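Structure at a glance
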Amino acid sequence: MKKLLFIVNPKAGRTRSMAPMFEVVARFSQAGYLIKLFTTEGPGDARRAAAELGGEFDLVVCAGGDGTLNETLCGLMTLEQRPPVGYIPHGSTNDFAASLHIPSQPMAAANAIAACTQPRLLDLGQHNGRYFAYVASFGAFTRASYSATQAAKNALGHLAYIFEGMNDLDSLRPYRCRIEADGEVFDEEYIFGAVCNSTSLGGLMKLDPNHVKMDDGRFELLLLRMPKNAVELSTLIGSLTRMEYDVPGIIFRHVEHVTLTTEDIIPWSLDGEYAASQPRVEICNLHHAIRLMHTVSTDASFDQLLEQARGEKNTLRIRTSLELFQEYHTYMSGGNKRKLLAFLYELLLYPEGDVRRLAGQLMGSVLANSGPKYRKELPSAAPQDAAAPAMLS
């Protein structure tokens with residue numbers, strides 16, 4: 001029998017209820033895993049569990065926030081033979097999960113892990129002697145990611161970071177440093193810097209998904225020059241909001257290796273966890289260091305998930321399956337979309353009205369976002385360059 005180590009941070013997220021985790025355990029057991037549950041009690045516990053126990057298991061799954069994921073990956077990196085890892089986002093912001101479209105509902109995320117037959121290879125970052133999954137950053141608002149208390153995060157969720165960041169508004173300052181990145185040198189004052197592998201940074205800043213690939217062996221380097229006045233600051237914020245990076249105040253590059261040297265005191269945040277200032281920081285990309293079980297990766301795994309949903313009698317679990325399909329339908333092949341539509345058509349006769357409504361909404365989404373071969377006829381008065389909603393090819 002396959003063995004699974006399930007590392008759970010019971011203090012993560014806005015609720016401390018463990019009820020969803022019991023359902024997750026039942027789902028993994030149904031998938032044929034013998035499960036060992038490890039609940040963390042404080043910082044470092046997830047790392048130690050992954051390092052000391054992870055090598056004995058076929059799969060390691062962690063449930064918690066980005067910090068719990070970071071600790072789990074750091075622990076696994078100490079092993080010569082690393083098992084694949086699964087992630088159930090249960091924190092306040094969950095940037096890593098947002099970038100990979102991992103379902104936010106625990107059961108939906110568990111279903112995706114259980115149905116995954118081929119792990120996805122992802123890059124990992126190394127910041128001197130420490131690892132990070134998606135971002136190493138310094139400067140403006142970085143402190144908020146590690147200084148917001150767990151109590152505030154549990155009570156306010158993502159708002160805790162915003163309120164903590166507001167406390168830093170009067171302390172924004174430039175950081176003088178020299179940055180070498182794949183042969184280029186940048187030697188200026190910066191208000192913010194990040195070496196990242198994510199489309200979401202602290203839930204406050206978004207990067208264009210078209211510019212971010214989490215498995216290409218390169219990071220995205222983002223540096224914001226210190227604005228000289230309020231007008232420049234406003235322009236800088238506007239450019240970031242519009243995801244426009246080719247402007248004077250922004251440096252944006254795709255890089256494999258970064259070296260930062262400075263005489264300033266520059267604290268860092270690694271996946272939201274504090275890292276002390278150092279005069280020299282080496283950041284490198286560990287290509288395909290992670291094997292992540294997180295998605296419906298093959299036709300066989302999709303068929304398995306679909307048949308499980310079709311045979312399900314529990315209304316709550318049917319809703320969970322629909323939420324999972326909602327997360328992933330835009331990435332499905334045409335054949336799998338047709339299978340999904342057939343299943344959704346069956347659900348239109350389901351006794352529970354909420355399930356019928358969700359099924360109908362998902363059918364509309366699948367049809368509206370499918371191939372461009374067949375389209376509705378445009379009204380005669382429509383502009384010549386108008387495009388009708390795409391229908392399933």
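Residues numbered from 1 in each chain as written. Predicted model: local features only at pLDDT ≥ 70, side-chain atom pairs only at ≥ 80, totals over all residues. Heavy atoms only, no water.

Description of the nonpolar core
Counting residues in each nonpolar core, the largest one holds 64 residues, and the members touching the most others are F6, I88 and F96. Other than its neighbours up to four places away in sequence, F6 contacts M21, V24, V25, I35, K36, L37, F38, V61, C62, A63 and I88. Counting 24 residues, the second-largest nonpolar core is a separate cluster that includes M332, L341, V355 and V366. (Core = buried A, V, L, I, M, F, W, Y, C linked by side-chain atoms within 4.5 Å. Buried < 20%, exposed > 50% of the residue type's maximum accessible area, 1.4 Å probe, protein only. Contact = heavy atoms within 4.5 Å.)

Points about the side chain of E312
By secondary structure assignment, the location of E312 is in the loop between α10 (299–310) and α11 (315–328). The side chain of E312 is buried and forms no salt bridge, while R317, the nearest opposite charge, is found at 4.2 Å. A polar side-chain atom of E312 sits 3.0 Å from the main-chain amide nitrogen of N314. If near-sequence neighbours (up to four positions away) are discounted, E312 is found in contact with R317 and I318. (Helix = DSSP H or I, 4+ residues; strand = E, 2+ residues; numbered from the N terminus. Lys, Arg positive; Asp, Glu negative; His and termini not counted. Salt bridge = Lys/Arg side-chain N within 4 Å of Asp/Glu carboxyl O. Polar contact = N/O pair within 3.5 Å; in protein donor to acceptor, adjacent residues only side chain to side chain.)

Observations concerning the packing of α11 against helix α12 (residues 334–347)
Running from N to C, α11 and α12 cross one another at 145 degrees; their axes reach a closest spacing of 13 Å. Between α11 and α12 lies a crossing whose hand is left-handed. Touching I318, L322 and F325 of α11 are L340, F343, L344 and L347, all from α12. Tallied by class, residues from the contact of α11 with α12 come to seven nonpolar, no polar and no charged. (Axes fitted to C-alpha atoms, helices over the stretch in contact; angles between N-to-C directions. Left-handed = near helix turned anticlockwise from the far one by under 90°. Nonpolar A, V, L, I, M, F, W, Y, C, P; charged D, E, K, R; others polar.)

Structural notes on the pairing of strand β17 (residues 280–293)
Bridge count between strand β4 (residues 85–89) and β17: two bridges; the pairing is parallel. Its bridge partner being in β17, G86 is matched across the sheet by M293. Pairing of strand β5 (residues 120–127) with β17 involves seven bridges; the strand directions are antiparallel. By the bridge assignment for β17, R120 is matched with L292. Sheet analysis places strand β14 (residues 257–261) next to β17, joined by five bridges and oriented antiparallel. From the neighbouring strand, V258 faces β17, where its bridge partner is I283. (Pairing = 2+ DSSP bridges.)

Overview of helix α9 (residues 230–241)
When the terminal C-alpha atoms of α9 are compared, their 16 Å separation across twelve residues agrees well with the 16 Å that a helix rising 1.5 Å per residue should span. The complete set of buried residues in α9 reads L236, G238, S239 and L240. On its buried face, α9 is in contact with β11 (205–206), β12 (219–225) and β13 (250–255). N-capping of α9 is provided by N229, with a side-chain oxygen placed 3.1 Å from the backbone N of V231. Directly beyond the C-terminal end of α9, a positive phi value near 60 degrees is found at M243. (Expected span 1.5 Å × (residues − 1).)

Quick notes on the pattern of salt bridges
Between side chains of opposite charge, pairing is possible as soon as their charged atoms come close. This structure, assessed with the given rule, holds 15 salt bridges. The salt bridge involving R120 is made with D215; its shortest N-O contact spans 3.8 Å. Of this pair, R120 sits in strand β5 while D215 is found in the loop between β11 and β12, placing the two residues 95 residues apart along the sequence. On the basis of relative accessible area, R120 is assigned to the partly exposed category, the value being 29%. The partly exposed category is assigned to D215, whose relative accessible area is 29%. Here D354 ties to R319 by a salt bridge, and the two come within 2.7 Å at their closest N and O atoms. Here the residue D354 occupies a position in helix α13 (residues 353–368), and R319 occupies one in helix α11, the gap between them amounting to 35 residues. For D354, a relative accessible area of 22% corresponds to the partly exposed category.

Topic: the packing of aromatic side chains
Tallied over the entire structure, the rule returns seven aromatic pairs. On the basis of an interplanar angle of 85 degrees and a centroid distance of 6.0 Å, the ring pair of F6 and F28 is categorised as edge-to-face. Note that F6 is positioned in strand β1 (residues 2–8) and F28 in helix α1 (residues 19–30), a separation of 22 residues in sequence. Classification of F6 by relative accessible area gives buried; the value is 0%. You can call F28 buried: its relative accessible area is 0%. Joined through ring pairs, the aromatic side chains of F138, Y175 and W268 make up one cluster. Lying over the aromatic face of Y33, K2 brings its terminal NZ or CZ to 4.3 Å of the ring centre. (Phe/Tyr/Trp six-rings, centres within 6.5 Å; stacked < 30°, edge-to-face > 60°. Lys NZ or Arg CZ within 6 Å of the ring centre and 35° of its normal.)

Re α1
For α1, with twelve residues, the first-to-last C-alpha span of 17 Å sits near the 16 Å given by 1.5 Å per residue. Buried residues of α1: M21, V24, R27 and F28, and no others. One side of α1 carries all its buried residues, which in axial view fall inside an arc of 115 degrees. Along α1, exposed side chains directed more than 90 degrees from the buried face belong to F22 and Q30. (Arc of directions from axis to C-beta.)

Topic: unusual backbone geometry
At H101, a position not held by glycine, the phi torsion is positive, near 60 degrees. Secondary-structure assignment places H101 in the loop between α4 (95–100) and α5 (106–115). At D182, a residue that is not glycine, the phi angle is positive and equals roughly 50 degrees. By secondary structure assignment, the location of D182 is in the loop between β8 (175–181) and β9 (184–196).

Quick look at the confidence of the model for the chain
Here the chain averages 84 in pLDDT, while 82% of its residues score no lower than 70. Contacts of residues 146–150 to residues separated by more than four positions or lying in other chains number 14 contacts, the stretch itself having pLDDT below 50. In this model, residues 152–166 is a region of pLDDT below 50 whose contacts with residues beyond four sequence positions or in other chains number 36 contacts. (pLDDT = per-residue confidence, 0-100.)

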